[in-house]
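Observations on chain architecture
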Amino acid sequence: MNSLADLRKRIQDKTARLAVVGMGYVGLSVAVEFASAGFDVRGVELRAERVELINQGRLPMDGNEPGLAEALTAAVTSHQLRVTTDYAQLATADVIILAVETPVDDQHIPRYEALRAALLALGPVLQPGVLVIIESTIAPGTMDQIVRPLLETSSRRTVNQDLYLGNCPERVMPGKLLVNLRHVSRVVGGMNPETAETMVALYQHIVHADLDVTDCVTAELVKTVENAYRDVQIAFANEVALICEAVGGDVWQVRTLVNKSPYRQMHLPGAGVGGHCIPKDPWLLVSNLGSQNVPVRLIPAARAINDSMPHHMAELVGKALAEMGRSMGGARILVLGYAYLEDSGDTRNSPSVALVELLRLQGAHVIIHDPYIAEYHDDLKVLANDCDAVILMVRHKPYLELDWGWLKSLLRTPILIDGRGIVDPGQAIACGLHLWTIGHGGAWTKAD
Ligand code: SAJ
């Protein structure tokens, strides 16, 4: 049977056979990176059409990921990376990384179906001495309470004897997959110190940043806490924006001046918080507190504030229309930006999706534009024609360069609602737009 010392040696000379389960953003990029580093990597993916695409050296996802397409093609061409739907091909793997989805449902309950299915499929094929690493984001306690028992049962092996287990959460971001993978530090949680040491030996082949050794529950906490932290920070900025609107302040100026105070880093208020990390990970953090009656109040409240921002955007456009003698019913409204993040085509949990639904429920005719989504990439000159309001939801680069005067000339009613604080009030007023900016009470009448 392989000992961890043997495994470290084979990791060092790159003869260890690696496998990655789940060819999504995270799994595919980590598989490509290890293949590029010279390891033999087998990918496992349930979706056959995705397997086909990847084995042809083609990226199975949209969006702009610098370097990933070329690295994938090279890895497949050199046969360092092969992808399959068949778990049986992992029987000879020495290290298996799991990067499967761990969503939460509408009740904010973690859904581990994909993780459980992967562990059940993996168990029977594992060779003795294999190292299994979970990269998926999971609630604190999940390694001990779900992953370890499930894998020991399905493999009939014992962790820290003839099976090794660890948790190494990812810190990637759409649009920066490879650069984050290579240059952002990672927490390395091992079920025992020697396992963590072996994981460091593996990841140092692709990560050129700190690999911080700890235990599994700390690794689970760090990942979910770092994203809950960001969500709470954003919620604070959003609540201050609402206060500024009520008292006639301008949150953008307030934020700039607050951040001149030492140790302040007020985040950006805005039209909402989307993505596959920030809206989900705070719920994972608070989902597994057992019988402890921990008075968890701040984290759910922050989620509620951030989820309310698309509603607030709908309120602002309703007020702006009313001020111009128009109602929401029948109004033609153009939404600029459908993705959740600037210069991305990723719409997962996008605030714009929620906003469009709300506006349509109130009888508006909503038109969507997004330069990074083929379905919504039509000519703005056509889309904006005869609209009664434009809502800017995402800081996409093309919108930063937009000629607002030109856009105004196309509108039936000159209303612009800025959800990200990027439109210059002076410019808007000069070209006759009624500009409302989130965090600034009412339409701008003069450029402060
Ligand atoms: N947002 C705000 N105000 C802010 C920052 C973000 O409203 O001050 C909104 C964005 O518009 C977006 C959402 O929040 O809708 C999320 O934005 P994000 O910048 O956090 O981008 P994500 O979701 O891709 O976050 C990922 C996370 N990385 C991982 O989970 C590994 C996050 O922890 C990182 O901080 C972020 O990337 C990053 O900046 O790298």
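Higher on the page you've got the structure.
This write-up is about the structure you can find in this document. Predicted, not measured: the structure shown is a model, and the values here were computed from it.

Re the packing of aromatic side chains
Under the counting rule described, the total for this entry stands at three aromatic pairs. Seen from their ring centres, Phe 34 and Phe 39 are 5.8 Å apart, and the 90° between their planes marks the pair as edge-to-face. Like Phe 34, the residue Phe 39 is buried in the burial classification. An aromatic cluster is defined as three or more aromatic residues linked by ring pairs; in this entry it consists of Phe 34, Phe 39 and Tyr 203.

What to know about the sheet that holds strand 10 (residues 365–369)
Spatially, 10-9-11-12-13 is the arrangement adopted by the five strands of the open sheet, whose pairing is parallel. Here the strands that pair on one side only, and so sit at the sheet edges, are strand 10 and strand 13 (434–437). Each strand of the sheet is rotated relative to its neighbour by a mean of 20°, with strand direction disregarded. Together, strand 9 (332–336), strand 11 (389–392), strand 12 (415–418) and strand 13 form the strand contacts of helix 12 (residues 298–323), whose direction differs from that of strand 12 by roughly 155°.

Looking at the site of the ligand
With respect to spatial proximity, 19 residues lie near the ligand, and among them Lys 223, Asn 227, Arg 230, Leu 268 and Tyr 340 are the closest. In the environment of the ligand, a nitrogen atom lies 3.5 Å from a nitrogen or oxygen atom belonging to the backbone of Val 172. Bound to the protein, the ligand loses 87% of the 740 Å² it would expose on its own. Along the lines of polarity and charge, the residues of the shell around the ligand split into 10 nonpolar, four polar and five charged.

What counts, and at which threshold
Chains are numbered independently. Their residues run from 1 in the order of the written sequence. The model is predicted, so local features are restricted to residues of pLDDT at least 70 and side-chain atom pairs to those at 80 or more, both for listing and for counting; the totals for chains, interfaces and linings are taken over all residues. Remark: hydrogens and water are excluded; side-chain values derive from all non-hydrogen atoms of the structure. Only rings of Phe, Tyr and Trp enter the pairing, Trp through its six-membered ring, and a pair is recorded when the two centres are within 6.5 Å. The plane angle decides the type: under 30 degrees is stacked, over 60 is edge-to-face, the rest tilted. Working definition: with a 1.4 Å probe on protein chains only, accessible area under 20% of the residue-type maximum means buried, over 50% means exposed, and in between means partly exposed. What makes two strands pair is DSSP finding at least two bridges between them. For helices the rule is a DSSP run of H or I covering at least 4 residues; for strands it is a run of E covering at least 2, with both sets numbered from the N terminus onward. Lines fitted to C-alpha atoms define the axes here, with helix axes fitted over just the stretch in contact, and angles between the N-to-C directions of these axes take values from 0 to 180 degrees. We call two residues in contact whenever any of their non-hydrogen atoms come within 4.5 Å of each other. Nearness of a residue to a molecule or strand requires only that one of the residue's heavy atoms be within 4 Å of it. Any pair of N or O atoms that falls within 3.5 Å is considered a polar contact. Within protein, one atom must be able to donate a hydrogen and the other to accept it, and sequence-neighbouring residues count only if both atoms are side-chain atoms. Calculation of accessible area relied on Shrake-Rupley with a 1.4 Å probe; when residues are assessed, cover is drawn exclusively from the protein chains displayed. Residue polarity is assigned by list, with Asp, Glu, Lys and Arg as charged and Ala, Val, Leu, Ile, Met, Phe, Trp, Tyr, Cys and Pro as nonpolar; anything else, Gly included, falls into the polar class.

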